[in-house]
Each structure stands twice: as C-alpha cells, then as structure tokens.
Amino acid sequence: MQLLNLIGGELVPPGAGCYLPVIEPATGQAFAQVPDSDAADVDAAVRAGEAALPAWRALPAEERGRLLVRLAELIERDLEALAQAESQDNGKPLRLARTLDIPRAASNFAFFGTLAQHFATEAHVQEGVALNYTVRHPLGVVACISPWNLPLYLLSWKIAPALAAGCCVVVKPSELTPCTAFLLSQLAIEAGLPPGVLNVVHGTGPRAGQALVEHPGIRAISFTGGTATGAHLARTAAPLFKKLSLELGGKNPNLVFADCDLTEAVRTSVRSSFANQGQICLCGSRIFIERPIYEQFKTEFLAQVAALRVGDPLDAATDQGALVSEAHLHKVLSYIELAYQEGGRLLAGGQREQLSGRCAGGYFVQPTVFEGLAPGCRVNQEEIFGPVVTLTPFDTEAEALAWANGTEYGLSATLWTRDLARAHRLAPQLHAGVVWVNTWLHRDLRTPFGGMKNSGVGREGGLEALRFFTEPQNVCVKF
Ligand SMILES: NC(=O)C1=CN([C@@H]2O[C@H](COP(=O)(O)OP(=O)(O)OC[C@H]3O[C@@H](n4cnc5c(N)ncnc54)[C@H](O)[C@@H]3O)[C@@H](O)[C@H]2O)C=CC1
Ligand SMILES: O=C(O)/C=C/C=C(\O)C(=O)O
C-alpha cells in the first residue's frame with residue numbers, strides 16, 4: 001500500500017517520488033510506504049491553505065461546524081477499518097483502538113464542530129466614555145504536528161479546533177503511524193471539506209516537519225511529542241514570531257494514600273501504568289504509596305500485572321501490544337537496564353517478550369515494575385514512555401508532595417484518597433496541568449489540557465484551543 005499526501009483537495013504523491021517504509025510493530029515487517037515529503041510538498045500544501053482561507057474563514061461557524069460533524073459521522077461509520085489501521089500501524093491492541101482512539105477522534109470533530117458556534121467575544125464598557133469589543137480572527141494557515149502514540153486521536157484533537165476556528169491546516173502526522181491520517185484524508189474529501197482547507201503532508205520531522213515550521217506562510221504551530229523536539233521547535237519558531245502550543249512529555253506521579261479505595265486505586269493504577277504499553281504522556285509512571293498500605297498495594301498490584309496478557313494486538317484477549325518501533329524498544333530496554341544499575345529491585349517483567357508465529361519479530365516488552373529506586377534517580381526522573389513503573393513508599397504528605405513535584409515535568413498527577421479536604425489541599429500544590437482525584441484519564445473535552453514546566457507551553461481543549469487558533473483584536477468606539 002502506497003500512501004498519498006492530501007494537498008488542495010487532491011490525493012497526490014510526493015513531488016520527488018520518495019517514500020519510507022511503514023513497519024508493523026507487532027511483526028517487525030514493512031506493510032506500506034509513506035511519502036517522504038520535502039519542502040516543495042510543504043510549500044504546495046501551505047499555498048493550497050492560503051488559497052482556501054478567505055472562503056473558509058468567511059463561512060459561518062455553523063456551516064464549518066456542520067462539515068466537522070459530518071467528518072465525525074464518517075469516522076464512526078468507518079470505525080472498524082480505522083481501528084484496524086491504527087492497531088497495525090502502532091502495535092496497540094485492536095480492542096483499545098476500537099474503544100479509545102477512534103471514538104475519541106470522532107468526538108474531537110463533533111465537539112469542536114459544535115463548540116465553535118458557542119465561541120463568544122468579550123466587551124468592556126467604560127461607562128459614558130467608550131465601548132471596547134474584542135473580535136477574534138482566525139490566525140490563517142496553521143501547522144499541526146502530531147505523534148505516534150495516539151495517532152488519529154491527537155491529530156484530530158489539533159485539527160478539529162483549528163478548522164472550527166476558521167483556520168486552514170497543514171498537518172504532518174508521525175512518519176511511524178501515518179495510515180489513519182491517510183484514511184482521514186479520504187474521509188475529508190468525502191465529507192465535502194473545501195479543497196485546501198485541510199492538507200496532510202507525510203514525512204519525517206527533520207525534512208517535512210522542519211520545512212513546515214519554518215514556512216513563512218505558517219502563523220502558528222500546535223505540536224505534541226517529545227520535550228527535546230518541542231525545545232527544538234521553540235528555538236526555530238521564536239525568532240519567526242509564530243504562535244506555539246507545545247504538549248510534551250510527562251513523568252506523572254500517582255499518590256496513593258492509606259484511606260483510599262484500594263481496589264479502585266490498584267485497578268486504575270494498573271491501567272494508568274500500562275495502557276497503550278505505557279505510551280501515553282499521561283501515564284502514571286511513579287507510584288508513591290503511603291507506608292501502612294504499601295505491602296498490600298504491592299501484592300494486589302503485582303497480581304493484576306501478572307494477569308496482563310502481552311500478545312498479538314489483533315487478539316481480543318491481548319491487554320498489551322507492541323511498542324511502536326525497534327528504536328523505542330531499545331530505549332525502553334535501556335531504562336530497564338539502568339533501573340538495575342541504580343539499585344532497583346525487579347518485581348515484575350523486566351524483559352523483551354518473545355512471541356511466536358506472526359509476532360515473532362515484534363517489539364514486545366513485559367509490563368515491568370521496580371521498587372527500591374530513589375526518587376531522584378534517572379529512572380524516576382526521565383520519561384521512559386513505555387511499560388515501566390516504580391513503586392515507592394512514603395511517610396508524610398509533605399514527602400509525597402515533594403517527590404511528586406521533584407521532576408522537570410508537570411503534566412498530570414493522580415491522588416487516591418477518600419479525604420476530599422486533603423485532595424483539595426494537595427491539588428493546587430501539585431505542579432501538574434491536570435490533577436485527577438480517584439480516577440485517571442477521565443476526560444471532559446471542555447477543560448484546559450496541557451502541562452506545566454517542561455511538559456509544555458499553552459493549553460489545548462475547549463475554548464482554550466479556539467483562543468489559540470484565533471487572534472484577538474480590540475475595537476474601541478468612543479461614545
Ligand atoms: N508527549 C507525547 O505524547 C509524546 C512523547 N514522546 C516522547 O518523545 C520521545 C521521542 O519520540 P519521537 O518519536 O522522537 O517524538 P518526536 O517528538 O520527535 O515526534 C513527534 C512529531 O514531531 C515530528 N518532528 C520531529 N522532529 C521535528 C522537527 N525538527 N520539526 C518538526 N517536526 C518534527 C515527528 O515527525 C512527529 O510527527 C519518546 O521516547 C517519548 O519519550 C513521543 C511521542 C509522544
Ligand atoms: O486526552 C487527551 O486529550 C490527550 C491525551 C494524551 C496525550 O496528549 C499524549 O499522550 O500525548
């Protein structure tokens with residue numbers, strides 16, 4: 001299968017005719033080819049966006065919204081094909097793609113398709129003197145750059161608000177997981193999106209991505225990915241005065257107090273540790289447990305981890321599929337090695353999982369749990385982005401808080417306690433853009449989403465996203 005770019009409403013090959021192999025992580029085998037687009041392809045996409053912009057931004061929000069809702073309906077119609085493509089591309093369990101990734105992609109379009117109609121502007125009255133009112137103009141042609149862990153989920157999380165706000169988009173999906181973006185390109189044509197409103201340019205970060213960020217026609221960049229890449233984009237975009245939204249890495253703490261509902265805390269902590277093979281920026285990779293329940297939590301947690309089935313993503317019984325790439329597999333294995341060197345005691349997993357048959361060459365790692373690691377060690381400080389978590393007992397609230405906050409990241413945190421006064425006391429003290437109390441990955445698309453410190457800049461979600469993709473202009477009328 002040879003994928004194509006979407007430029008100006010047409011599915012087109014890359015101008016220079018170069019392609020990269022797409023590898024199925026569960027097998028290690030190439031199954032498709034993705035365009036290795038270059039600056040000329042990017043330029044064509046930006047120009048198509050510029051040509052489409054005047055009509056698109058002039059369209060009433062209700063009509064733009066109707067097209068986005070139509071796209072959501074087509075995603076729901078094609079849920080099975082999209083889920084299969086996502087699973088094959090990424091290595092995630094097909095069950096997860098069916099129940100999380102693709103439904104959320106549909107929700108993203110439906111949500112922003114309707115939200116744009118409720119996007120109001122502000123007025124400031126200076127009594128007897130003047131009326132100021134704010135107009136929010138779409139920024140223009142914007143770039144969305146998305147990662148491989150939740151490919152269509154995060155790509156749609158960016159392009160839906162951009163389109164709803166009246167911007168035209170050039171999106172560069174991850175070169176590791178391009179298939180659902182290609183299927184979405186076909187659906188965008190079928191939905192009747194005007195040519196050039198949404199453009200999809202496939203390729204690598206250093207080639208297509210860098211050209212997109214540097215392109216003078218791009219007014220804003222919305223990026224999700226690694227912190228190092230985010231820092232590089234910021235260095236590139238700052239002197240070009242481009243607006244930037246960065247959703248980056250995390251090293252999220254999970255604070256389990258002795259008064260919690262232990263059954264629920266254990267069940268959800270297993271999910272927050274290993275969902276999507278630990279490849280969600282919100283995964284709770286550091287679990288701090290109040291000492292009186294440490295042994296009980298550990299026993300119940302390890303029993304549930306032992307029951308997780310690592311296997312073929314297509315198998316309905318599989319809980320954990322393959323990591324996204326061979327390079328990522330080796331990164332994760334290197335952190336397991338480091339955990340031993342830093343004095344960690346292995347409690348579960350710790351090895352590459354060797355499957356047989358179709359998946360003999362796949363990139364599988366066992367769900368892995370360590371204890372005995374210092375909060376300041378590298379394994380507890382650096383983003384592993386894989387199925388590796390640490391357990392650490394704590395004695396006081398202050399100690400737990402200091403450890404939770406003691407990394408360069410600040411994306412999310414989870415508190416497990418029945419004491420709501422404690423939860424309200426701790427939540428504002430946590431350096432995390434998202435705090436969950438007695439739950440995890442509970443999402444309301446209206447809420448601000450993003451990280452503090454090195455986890456990002458700006459917020460996605462709800463009205464925050466519409467504000468990002470628009471430029472406020474104040475008009476002052478003297479009475
Ligand atoms: N916050 C998150 O959700 C994610 C975090 N990560 C973290 O980042 C680490 C590295 O993973 P990578 O695959 O290398 O992620 P990455 O951050 O390099 O890739 C994300 C996207 O950025 C693009 N990109 C890369 N370099 C670029 C450039 N110079 N200009 C424009 N676009 C560029 C990529 O092609 C991809 O579409 C992972 O091990 C993980 O720790 C990775 C993916 C998602
Ligand atoms: O639910 C969301 O909006 C986002 C979830 C996860 C990420 O952003 C990520 O893993 O990068």
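Residues numbered from 1 in each chain as written. Chains lettered and ligands numbered in written order. Predicted model: local features only at pLDDT ≥ 70, side-chain atom pairs only at ≥ 80, totals over all residues.

Description of the domain arrangement of the protein chain
So, step 1. Here the protein chain is partitioned into domain 1 (5-248 + 455-478) and domain 2 (253-445).
So, step 2. Facing the 23 residues of domain 1 at the interface are 24 residues of domain 2.
So, step 3. Among the secondary structure elements, those contributing two or more residues to the side of domain 1 that touches domain 2 are helix H3 (79-90) and helix H4 (94-115).
So, step 4. Among the elements that line the side of domain 1 that touches domain 2, the one with the most residues is H4, at five residues.
So, step 5. Residue composition of the side of domain 1 that touches domain 2, by class: ten nonpolar, eleven polar and two charged. (Domains from an automatic or database assignment. Contact = placed C-beta atoms within 7 Å. Helix = DSSP H or I, 4+ residues; strand = E, 2+ residues; numbered from the N terminus. Nonpolar A, V, L, I, M, F, W, Y, C, P; charged D, E, K, R; others polar.)

Observations concerning the site of ligand 2
So, step 1. Every residue lining ligand 2 is accounted for by Asn149, Leu150, Leu154, Trp157, Thr224, Glu247, Ile280, Cys281, Leu282, Arg443 and Phe449.
So, step 2. Of the residues that make up the shell around ligand 2, three or more belong to each of domain 1 (5-248 + 455-478) and domain 2 (253-445). (Near = placed C-beta within 6 Å.)

Description of the site of ligand 1
So, step 1. Around ligand 1, the surrounding shell holds 28 residues, and the nearest of these are Pro147, Gly205, Gly209, Gly225 and Gly226.
So, step 2. Only helix H7 (205-214), helix H8 (227-237) and helix H11 (326-341) provide two or more residues apiece to the shell around ligand 1.
So, step 3. At five residues, the largest contribution of residues to the shell around ligand 1 is made by H7.

Description of the UniProt feature "active site" (unreviewed entry) in the protein chain
So, step 1. UniProt records the feature "active site" (unreviewed entry) at Glu247, using the numbering of this structure.
So, step 2. Examined against the element boundaries, Glu247 turns out to sit in strand E11 (residues 243-247).
So, step 3. Using a count of 27 C-beta atoms within 10 Å as the deciding quantity, one classes Glu247 as buried.
So, step 4. Other than its neighbours up to four places away in sequence, Glu247 contacts Thr224, Gly450, Gly451, Gly456 and Glu460. (UniProt positions renumbered as here; feature names shortened; annotations may be inferred. Buried ≥ 20, exposed ≤ 12 C-beta atoms within 10 Å, placed from the backbone.)

Notes on the sheet that holds strand E22 (residues 470-478)
So, step 1. Reading across the sheet, the three strands line up as E5-E6-E22 and stay open at both edges, with antiparallel pairing between neighbours. For this open sheet the edge positions go to strand E5 (123-126) and E22, each flanked by a neighbour on one side alone. Going from strand to strand, the sheet's axes swing by 20 degrees on average, the running direction of each strand aside.
So, step 2. Inspection of the sheet shows E5 paired to strand E6 (residues 130-138) by four bridges, in the antiparallel sense. Counted as the bridge partner of Gln126 is Ala130 from E6. (Pairing = 2+ DSSP bridges. Axes fitted to C-alpha atoms, helices over the stretch in contact; angles between N-to-C directions.)

Some words on the sheet that holds strand E18 (residues 412-416)
So, step 1. The sheet built from seven strands is open, its strands ordered E14-E15-E16-E13-E12-E18-E19 with mixed pairing. Two strands bound the open sheet, and with one partner strand each, they are strand E14 (345-348) and strand E19 (434-437). Direction aside, the axes of adjacent strands within the sheet are offset by 25 degrees on average.
So, step 2. As defined by bridge partners, strand E13 (residues 286-290) adjoins strand E16 (residues 388-394) across five bridges and the pair is classed as parallel. The partner of Ile289 across the bridge, within E16, is Pro393.
So, step 3. Helix H10 (residues 294-306) contacts strand E12 (253-256), E13, E14, strand E15 (368-371) and E16 of the sheet and is inclined by roughly 55 degrees relative to E14.

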